[in-house]
Amino acid sequence: MSLTMLRFALLFLAILALPVQAATVNDLYRTQVTLIGSDQQADQAAREQGLANVLVKISGNTDILNNAVIKTAITNSGRYVSQLGYSQIDGQRAINLSFDKHQIKQLLIKSKASIWKDQRPNILVWMVDSDGQQRNILWDQSTNALVNDTKQAADSRGLPLTFPVGDMSETTAVTASDLWGGFIDPIASVSINYHADGLLLVKAQQQPDGNVSLNWQFYPQQPSKIATTEIQPISGATSGTLAQTSTNMINQITDYLANKYAVVLGGVAGGNINIEVDNIDSTENFFALEKMLNGLTTVHSANAMRIKGNSVIFQLNLQGSEQAFRQEISHDNQVRQTQSGVAFAADSAVSIPVVDAASTVATTPSSVPAVNALTVTPQNIYYWNS
């Protein structure tokens, strides 16, 4: 088997072995907008609204629509559209829009806006509804409109949400009283099976006028870590129509997460930097690290340059600042910063062939430049949490 074939075979196996970390949002660059009218003006207005929708999802920031560069771009939305078609929404004509990923990214860089990559925290929602007579847990397939409205609000912000399915193990382990009282232990225990990155506990109180009030607590950590960490839940309350309250709640939670995970790409890019990652003790770990680095928003490309023992030096070509890169990688629980790196000796290090993803041709080891250990600064040394 050739080196290239072996590399891709190992990569396939490594991907299968990766743990679940976050959910991938697949439709960030797509949206559907109802057409108000049938003339060219209505079509143009829908395209502009579509671009606005997508920019909010990708940036994680509703205030982006106040940006002067963004305002100008929205009036010229056609240049960003990659595909369009027409459909129906509840009997009304609608336009389906897909936007060019590269063009959108360049626009966000130009406007010095934030960008939130498609790997986002998956939030598990436990919701209990009270009508003053009884309390019911709202499961994934519930016909209660609040479930659907909450899902739609999350979709408009690009936030992955999961509602529990309500199987026998869940209905016996968690009661409506547990949710209403905020007893987190049984809820967190049964939630572990969902591999969620956060828990949202919601109490819905139906009002006589047909409106609803929501009180919620958001735990921004994996269920298995809630009992052992000192991070306090984020609480909130809102009232109004079903659509208003679900949108207000989801916007507050998404704003919190986007402020934590989204990065600003505007300004001067960091160019090429070298990072060292220790504890890479298997092929699976190597490919997982490579995949993680190339998936970072601030990284244009990541190439492994030298290896010694269980340590690897990667050269990164940044499309954001070095500070933005460190901010982004600090949120990935697969690595942690350390300053106990190994000393790389040029004569004993092993060169790693670089595979061109487009041609799938591996370069020879002699064509890969040596990296001096001194070029890896202490703040760019990391430890892989295998």
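Up top you'll find the structure we're talking about.
The text that follows walks through the structure, step by step, so that each part is easy to find. (Residues numbered from 1 in each chain as written. Predicted model: local features only at pLDDT ≥ 70, side-chain atom pairs only at ≥ 80, totals over all residues. Heavy atoms only, no water.)

For the rest of this paragraph, the subject is the packing of helix α2 (residues 40-59) against helix α3 (residues 68-75). Their axes nearest at 9 Å, the elements α2 and α3 cross at an angle of 140°. Handedness of the α2/α3 crossing: right-handed. In this structure, α2 contributes Q44, E48, L51, A52 and L55 to the contact, and α3 contributes I70, A73, I74 and T75. (Axes fitted to C-alpha atoms, helices over the stretch in contact; angles between N-to-C directions. Helix = DSSP H or I, 4+ residues; strand = E, 2+ residues; numbered from the N terminus. Left-handed = near helix turned anticlockwise from the far one by under 90°. Contact = heavy atoms within 4.5 Å.)

Looking now at the pattern of salt bridges. A complete count under the given rule lists four salt bridges for this structure. Residue D255 is joined to R157 by a salt bridge in which the shortest nitrogen-to-oxygen separation is 2.9 Å. On the criterion of sequence distance, the pair formed by D255 in helix α9 (residues 242-261) and R157 in helix α5 (residues 145-157) is long-range, its members being 98 residues apart. Owing to a relative accessible area of 35%, D255 belongs among the partly exposed residues under this scheme. (Salt bridge = Lys/Arg side-chain N within 4 Å of Asp/Glu carboxyl O. Buried < 20%, exposed > 50% of the residue type's maximum accessible area, 1.4 Å probe, protein only.)

As a further point, take the packing of aromatic side chains. Here the structure, examined in full by the defined rule, presents four aromatic pairs. Each member of the aromatic cluster is reached from another via a ring pair, and the members are F286, F287 and F314. Geometry around Y86 places R93 over its ring, the cationic atom sitting 4.4 Å from the centre. K203 extends its terminal NZ or CZ atom over the ring of W180, reaching a point 5.2 Å from the ring centre. (Phe/Tyr/Trp six-rings, centres within 6.5 Å; stacked < 30°, edge-to-face > 60°. Lys NZ or Arg CZ within 6 Å of the ring centre and 35° of its normal.)

Function cannot be inferred from these measures alone, as they are strictly geometric.
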